[in-house]
Amino acid sequence: MPEYIWGRNPVTETLHAGRRVKRIFLADGQREAPTVAAIIQEAQRRNIPVEMVPRARLDQLSRGAVHQGCLAQVEERKYVSVDDILTHAERLQQEPLLLILDTIQDVNNLGSLLRTAEAAGAHGVIIPLHRAAEINATVVKSAAGATEHLLIAQETNLSRTIEYLKKQHIWVVGLAGEAQALYTKADLTGPLALVVGNEGKGISRLVREHCDLLIKLPMYGHINSLNAAVAGSIALYEALRQRKTN
């Protein structure tokens, strides 16, 4: 079954990343828009066919999603191994920074976290194979195309993966509301894997037990938790701040 992505930013980012684009579909009557003109120019440079089609055709292919008159047929997503992510960090001569997502089920949360991970310079993201949102076209659009620049590993057993990371001397830190340590007090400067849990249940019991440390964000209002994507983004940028300061 063909795989599609939609939205001007996701298509633009995909054209500049490693994923192969097979064909681009554009809604009739928008060639003059600057972002569309740039997409056409890059597609021509790469010898990618571009078709102008009625907007109703894009509505059909995107199953009614907000596509901004731009859609691309792409090759199937290729996931990497955890070792690929670690090798990438080593090649850059940087301490590994990984994001582990424990059963994130909301596609917008997943897209936001992937976007933040890419923006914060994470070397890769690990997601579970089962019981979690897939990286589909909606996630790609929510991430503004950041997914196309990220190394993403899909693992069947996150607890086992965490134990493997710990053997590679990576400190595994989980975000949990019941934690005692504040996120600003934890040392997030070395080789690090940050774990963000499910929107409702948080980090699963087994994954929590395998973390080296649990941290929390302070809550001063009436609610007792933040959206998973917001909390994960704050923690990622605290890690970035500490690393740059250090």
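Refer to the structure presented above.
Quick notes on the rules
- Residues numbered from 1 in each chain as written.
- Predicted model: local features only at pLDDT ≥ 70, side-chain atom pairs only at ≥ 80, totals over all residues.
- Heavy atoms only, no water.
- Helix = DSSP H or I, 4+ residues; strand = E, 2+ residues; numbered from the N terminus.
- Rg over C-alpha atoms; globule rule 2.2 N^0.38 Å.
- Buried < 20%, exposed > 50% of the residue type's maximum accessible area, 1.4 Å probe, protein only.
- Contact = heavy atoms within 4.5 Å.
- Areas by Shrake-Rupley, 256 points an atom, 1.4 Å probe, with all protein chains shown as cover.
- Lys, Arg positive; Asp, Glu negative; His and termini not counted.
- Charge placed at Lys NZ, Arg CZ, Asp CG, Glu CD.
- Core = buried A, V, L, I, M, F, W, Y, C linked by side-chain atoms within 4.5 Å.
- Salt bridge = Lys/Arg side-chain N within 4 Å of Asp/Glu carboxyl O.

Draft legend 1. Spotlight on the overall build of the chain. Within the chain, the secondary structure is distributed over nine helices and 11 strands. Relative to the 2.2 N^0.38 estimate, which gives 18 Å for 246 residues, the radius of gyration of the chain is 19 Å and therefore close to what a compact globule would have. For the chain, the residues scored as buried account for 48% of the 246 residues in total. Taking as baseline every contact in the chain between residues at least 6 positions apart, the subset at least 24 positions apart corresponds to 81%. Accessible surface for the chain amounts to roughly 12700 Å². Of this, 48% is attributable to carbon and sulfur atoms. Separation between the mean location of the 28 positive side-chain charges and that of the 26 negative ones in the chain comes to 2 Å.

Draft legend 2. Quick peek at the nonpolar core. Ranked by internal contacts, the top residues of the largest apolar core, which has 49 residues, are I24, L99, L101 and L114. Top contributing element to this core by residue count: helix 9 (residues 228-245), with six residues. Among residues more than four places away in sequence, those in contact with L114 are V125, I135, V139, A143, A146, T147, L150 and I152. Ranked by size, the runner-up nonpolar core spans 17 residues in total, among them V82, I85, I162 and V195.

Draft legend 3. Structural detail: the pattern of salt bridges. Taken as a whole and judged by the stated rule, the model has 12 salt bridges. Here E75 makes a salt bridge to K78, at a shortest N to O gap of 3.0 Å. Take E75: its relative accessible area is 19%, and that puts it in the buried class. We classify K78 as exposed; its relative accessible area is 60%. With a closest N to O distance of 2.8 Å, E238 and R241 form a salt bridge. You can see E238 and its partner R241 sitting in helix 9, three residues apart, about one turn around the helix. By relative accessible area, which is 44% here, R241 ends up partly exposed. Because the salt bridges share partners, they merge into one network encompassing E3, R19, R77 and E148.

Worth remembering: the numbers are spatial, not functional.
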